Amino acid sequence: FVRHQVTGIQSSPGSHTVTCANGESFSSKLLLNASGPWCHRLNEMVGVELPMKLAPVRVQIASRDRPAEVTGEIPVFASTADQIYARPEANGTQLIAGSTALEDETEEIEDPDNFDADASLEFRERTMHKLHHRLPMKSRGSVHGYAALYAVNIGDRHPIIDAMGPKGYFVANGFSGHGFKLGPAMGALIARMMTG
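Throughout what follows, the structure given in this document is the object of discussion. (Residues numbered from 1 in each chain as written. Predicted model: local features only at pLDDT ≥ 70, side-chain atom pairs only at ≥ 80, totals over all residues. Heavy atoms only, no water.)

## Thoughts on the environment of Phe-26
Part 1: Looking at where Phe-26 falls in the secondary structure, it is placed in strand β3 (residues 25-28).
Part 2: The partly exposed category is assigned to Phe-26, whose relative accessible area is 43%.
Part 3: C-alpha of Phe-26 to C-alpha of Cys-39: the two residues are 13 residues apart in sequence and 19 Å apart in space.
Part 4: Beyond its immediate chain neighbours, meaning those up to four positions away, Phe-26 contacts His-16, Thr-17 and Val-18. (Helix = DSSP H or I, 4+ residues; strand = E, 2+ residues; numbered from the N terminus. Buried < 20%, exposed > 50% of the residue type's maximum accessible area, 1.4 Å probe, protein only. Contact = heavy atoms within 4.5 Å.)

Have a look at this one:
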């Protein structure tokens, strides 16, 4: 699977031709926009305006090597008291943690191709401090992290899934970080919706 930037969509009822930056194009009777933070670009190409505000939002995670004193199996967990989630990574040799706090999911980004992909020092330190309350480990070792984007439905944090605009054009936008969990079921339901 190779990703290419979409540079144009020519749509008429029941026919959509997509042109990519590498010069390739393809046509289809059905077209689904499930492009996450880039959803507005594609919707604009076919003249679709979503009924609720969606925005690319920067979110961060922190990671560190698993300390020797943390032994045994570690489940994926979320702590509502600390507003974090965490899980093992890299076959259990690392720990990653992220935030469930609303204030950590409000940094709207203008251009999804241009944003700070590093986790801030403040976020890394704060998140690891919370993780240390849940796992018996000392505060030593390097803490790394990165940032990525969610496409967030600012109105209610739920995705917009529907047929919109020209016949045969569908949207599945604004999963607000839930897409990886909802993906298998939503993919099956959207395929049924699109094919009748």
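## A look at the side chain of Arg-58
Part 1: Note on placement: Arg-58 falls in strand β5 (residues 54-65).
Part 2: A relative accessible area of 6% places Arg-58 in the buried class.
Part 3: At 2.7 Å, the side chain of Arg-58 and the backbone oxygen of Asp-116 are in polar contact.
Part 4: Other than its neighbours up to four places away in sequence, Arg-58 contacts Asp-104, Glu-107, Ile-109, Phe-115, Asp-116, Asp-118, Ala-119, Ser-120, Ala-147, Ala-148 and Leu-149. (Polar contact = N/O pair within 3.5 Å; in protein donor to acceptor, adjacent residues only side chain to side chain.)

## A few points about unusual backbone geometry
Leaving glycine aside, a negative phi is the common case for residues, and trans is the common case for peptide bonds.
Part 1: At Ala-90, a position not held by glycine, the phi torsion is positive, near 55 degrees.
Part 2: Examined against the element boundaries, Ala-90 turns out to sit in the loop between β7 (84-89) and β8 (94-99).
Part 3: Exposure remark for Ala-90: the relative accessible area of 37% places this residue in the partly exposed category.
Part 4: The backbone phi angle of Arg-157 is positive, close to 65 degrees, even though this residue is not glycine.
Part 5: Examined against the element boundaries, Arg-157 turns out to sit in the loop between β10 (143-153) and β11 (160-163).

## Considering the sheet that holds β3
Sheet strands associate in pairs through backbone hydrogen bonding, adopting either a parallel or an antiparallel arrangement.
Part 1: Taken in spatial order, the three strands make up an open sheet running β1-β2-β3, and their pairing is antiparallel. For this open sheet the edge positions go to β1 (6-12) and β3, each flanked by a neighbour on one side alone. Strand after strand, the sheet turns through a mean of 15 degrees between neighbouring axes, direction not considered.
Part 2: As paired elements, strand β2 (residues 15-20) and β3 share four bridges and run antiparallel to each other. The partner of His-16 across the bridge, within β3, is Ser-28. (Pairing = 2+ DSSP bridges. Axes fitted to C-alpha atoms, helices over the stretch in contact; angles between N-to-C directions.)

## Some remarks on the pattern of salt bridges
Part 1: Scanning all chains against the criterion turns up ten salt bridges.
Part 2: The partner of Arg-41 in a salt bridge is Asp-113, and the shortest N-O contact between them spans 2.7 Å. Here Arg-41, found in helix α1 (residues 39-45), pairs with Asp-113, found in the loop between β9 (107-108) and α2 (121-132); they are 72 residues apart in sequence, far enough to count as distant.
Part 3: Between Arg-126 and Asp-104 there is a salt bridge, and its shortest N-O distance comes to 3.0 Å. Taken together, the positions of Arg-126 in helix α2 and Asp-104 in the loop between β8 and β9 put the pair 22 residues apart, joining distant regions of the chain.
Part 4: Overlapping salt bridges, with partners in common, bring together Arg-41, Asp-111 and Asp-113 in one network. (Salt bridge = Lys/Arg side-chain N within 4 Å of Asp/Glu carboxyl O.)

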